[in-house]
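# Descriptive structure summary
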Amino acid sequence: MKYKDTAVFLLLLSVCFLGIIVGVVVAKRQQVDVSIISSSIAAVKSDQCSLNTVFLKGLLSNLYLFIMLSITGMLVFGFPISTALLFYKGYAVGFTCSCICMAMGFRGIAMAIVGVLFPSFVLLLIFCHMVYASTERGDKRKSKLERKNKMRLVNGFIYVIIFIFGVYTQSLMQYIAFYKF
């Protein structure tokens, strides 16, 4: 990995972390109604919500972002849009973690780390790599090697498999964290 490539990837990770920090700050400054999160946690604890339900909700919420990043990765001006989407995902993670901490108190910190922050970090790395790969595909020097249809199909299939695994891991961790804490 060259210096330029590392700088782009670090820029994308920085945007994600900045989104997390902004989400936490905004949630702390606003008076957020934490009853929604409290009722969701209570539903999981009382077995009203199964792992399949948590998985499907996580899949649908992250599928939109996955599709948008895939589409913007093919556009010439897609890098700024993709970066804004990464910031939004980081903002949502930070906001959710902050709300869980406000709703659950001290136990919420562990629940937010185990159930939201860690699995979302895995998905954020996947999304950052998707944006990074799309900028690499746009590089004119590598266009001959990377424009082969067979390789593009294999890379897309690998991203889909890793994405589904990441969403399942996130759902499983959220289910365990909400059920155990």
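This one's a predicted model, so the numbers in the text were calculated from it and none came from an experiment.

### A look at the overall build of the chain
Scanning the chain from N- to C-terminus turns up seven helices and zero strands. In sequence order, the secondary structure elements of the chain are arranged as α-α-α-α-α-α-α. When contacts within the chain are restricted to residue pairs at least 6 apart in sequence, those whose partners lie at least 24 apart make up 84%. A total accessible area of about 10,800 Å² is found for the chain, and carbon and sulfur atoms account for 72% of it.

### Things to note about the packing of aromatic side chains
If you walk through the whole model with that rule in mind, you get three aromatic pairs. Seen in terms of ring centroids, Phe17 and Phe121 are 5.9 Å apart; in terms of plane orientation they differ by 25°. Their pairing is stacked. With Phe17 in helix H1 (residues 3-29) and Phe121 in helix H5 (residues 106-137), this residue pair connects regions lying 104 residues apart in the sequence. Given a relative accessible area of 40%, Phe17 falls into the partly exposed group.

### Some thoughts on the nonpolar core
Leu69, Leu86, Ile100, Phe127, Cys128 and Phe163 are the most contacted members of the largest nonpolar core, which totals 35 residues. Elements supplying a minimum of two residues to this core: H1, helix H2 (35-45), helix H3 (51-72), helix H4 (78-104), H5 and helix H7 (149-180). At 12 residues, the largest contribution of residues to this core is made by H5. In contact with Leu86, not counting residues within four places along its chain, are Leu12, Cys16, Leu69, Phe127, Cys128 and Val131.

### Considering the confidence of the model for the chain
Model confidence for the chain is summarised by a mean pLDDT of 77, while 80% of its residues fall at 70 or above. Across the chain, element-level confidence peaks in H4 with a mean pLDDT of 88 and bottoms out in helix H6 (residues 143-146) with 51.

### Let's talk about H4
The end-to-end C-alpha separation of H4 is 39 Å, in line with the 39 Å expected for 27 residues at 1.5 Å each. One or two positions beyond H4, positive phi appears at Gly105, with a value near 75°.

### Re the state of the cysteines
For the coordinates displayed, the defined rule picks out zero disulfides. Distance from the sulfur of Cys101, which forms no disulfide, to the nearest cysteine sulfur (Cys97) is 6.6 Å. Unpaired in this structure, Cys128 has its nearest cysteine sulfur neighbour in Cys16, at a distance of 3.4 Å. Classification of Cys128 by relative accessible area gives buried; the value is 0%.

### Considerations on the environment of Val76
Among the structural elements, Val76 can be located in the loop between H3 and H4. Separated by 58 residues in sequence, Val76 and Ser134 place their C-alpha atoms 9.7 Å apart.

### Description of a nonpolar patch on the surface
On the surface, Leu60, Leu63, Ile67, Ile71, Met74, Leu75, Val76, Phe77 and Ile81 cluster together into a nonpolar patch covering about 920 Å² of accessible area. Here the nonpolar patch gets four residues from one element, more than from any other, and that element is H3. Take Leu75: it is sitting in the loop between H3 and H4. Residue class for Leu75 comes out partly exposed when judged on its relative accessible area of 37%.

What counts as what
- Residues numbered from 1 in each chain as written.
- Predicted model: local features only at pLDDT ≥ 70, side-chain atom pairs only at ≥ 80, totals over all residues.
- Heavy atoms only, no water.
- Helix = DSSP H or I, 4+ residues; strand = E, 2+ residues; numbered from the N terminus.
- Contact = heavy atoms within 4.5 Å.
- Areas by Shrake-Rupley, 256 points an atom, 1.4 Å probe, with all protein chains shown as cover.
- Phe/Tyr/Trp six-rings, centres within 6.5 Å; stacked < 30°, edge-to-face > 60°.
- Buried < 20%, exposed > 50% of the residue type's maximum accessible area, 1.4 Å probe, protein only.
- Core = buried A, V, L, I, M, F, W, Y, C linked by side-chain atoms within 4.5 Å.
- pLDDT = per-residue confidence, 0-100.
- Expected span 1.5 Å × (residues − 1).
- Disulfide = S-S within 2.5 Å.
- Patch = residues over 30% accessible without salt bridge, like charges linked within 9 Å, V, L, I, M, F, W, Y side chains within 5 Å.
- Salt bridge = Lys/Arg side-chain N within 4 Å of Asp/Glu carboxyl O.

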